[in-house]
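Per-entry structural report
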Amino acid sequence: SRVSEEQKLYGLMLDGSLISDTTINDGVQVLGGCTRIHLERVLAVKMNGNGVNIATGADGHQANALRLDRVNARYAGLAGFRIFRSADITCRDCLAENCAGDGWDITNASNGTYYACRSEHNLSGFSFSSQSQGTGSGGAKFLGCSTDRNTQHGMVITRGNGTGTPVILAGCCYRRAGPNHAT
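These notes cover the structure that comes with them. Since this is a predicted model, take the numbers as computed values, not measurements. Along every chain, residues carry numbers that run from 1 in the direction the sequence is written. Two thresholds apply to this predicted model, a pLDDT of at least 70 for residue-level local features and 80 or more for giving and counting side-chain atom pairs, whereas whole-chain, interface and lining totals are computed over all residues. The side-chain values count all of the structure's non-hydrogen atoms but skip hydrogen atoms and water molecules.

Attention shifts here to unusual backbone geometry. Residue Arg-41 is not a glycine yet carries a positive backbone phi of 55°. Mapped onto the elements, Arg-41 comes out in strand S3 (residues 38–45). Given a relative accessible area of 38%, Arg-41 falls into the partly exposed group. Even without glycine at this site, Asn-111 takes up a positive phi of about 60°. Here a strand is any run of E in DSSP of at least two residues, a helix any run of H or I of at least four, and the numbering for each starts at the N terminus. Here Asn-111 lies in the loop between strand S10 (104–107) and strand S11 (112–115). Buried residues are those whose accessible area, probed at 1.4 Å on protein chains only, stays under 20% of the maximum for their type, while exposed residues exceed 50% and partly exposed ones sit between those limits.

The structure is reproduced here in structure tokens:
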């Protein structure tokens, strides 16, 4: 009956290579209105689904004010990081590599900040989609982020709401992606 708050995971490796149960898909899943969760030095490798999945709960609530610090998602069957409608998230020095889907699949990162995050050898490096956000909710900042050798794009930004929610890219580098480095 209470909102889950302040969980902290430090120095953890999750290896999904021997998991045959298809109901266990994601390495780390944050579901619903959890707030102020902190992941530091976490590795999710060879998960069937996403390495890290931040998803909306059945009640429609989303996670808020998460902190990911030096989190690594490798060889995920879907995205390395799937972040859906998580407000005020901060990710620092996180890496998605060799995932079957996008390295970072981000939808509506209201006031989200991504520092020195990387995406290498995935489908697309960063896919950011802004949909149904109000104009005052804030966009996302990508500061010093980089990609290398993603199959499709380094960075893809799409907007579906026409509100002009800002996306700031500063000091980013998109290298050796498929047909387009950034779109």
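Let's shift gears to the pattern of salt bridges. Opposite charge on two side chains lets them pair, provided their charged atoms get close. Should a side-chain nitrogen of Lys or Arg be within 4 Å of a carboxyl oxygen of Asp or Glu, the pair is scored as a salt bridge. For the structure shown, the criterion picks out eight salt bridges. Between Lys-8 and Glu-6 there is a salt bridge, with its nearest N and O atoms 3.0 Å apart. Here Lys-8 falls in the partly exposed class, since its relative accessible area comes to 41%. In this structure Glu-6 comes out as partly exposed when scored by relative accessible area, which is 39%. Salt-bridge contacts for Arg-74 lead to Glu-97; the nearest nitrogen and oxygen are separated by 2.9 Å. Taken together, the residues span a long stretch of sequence, with Arg-74 in strand S6 (residues 72–74) and Glu-97 in strand S9 (residues 95–97) at a distance of 23 residues. Looking at Arg-74, the relative accessible area reads 27%, which means it is partly exposed.

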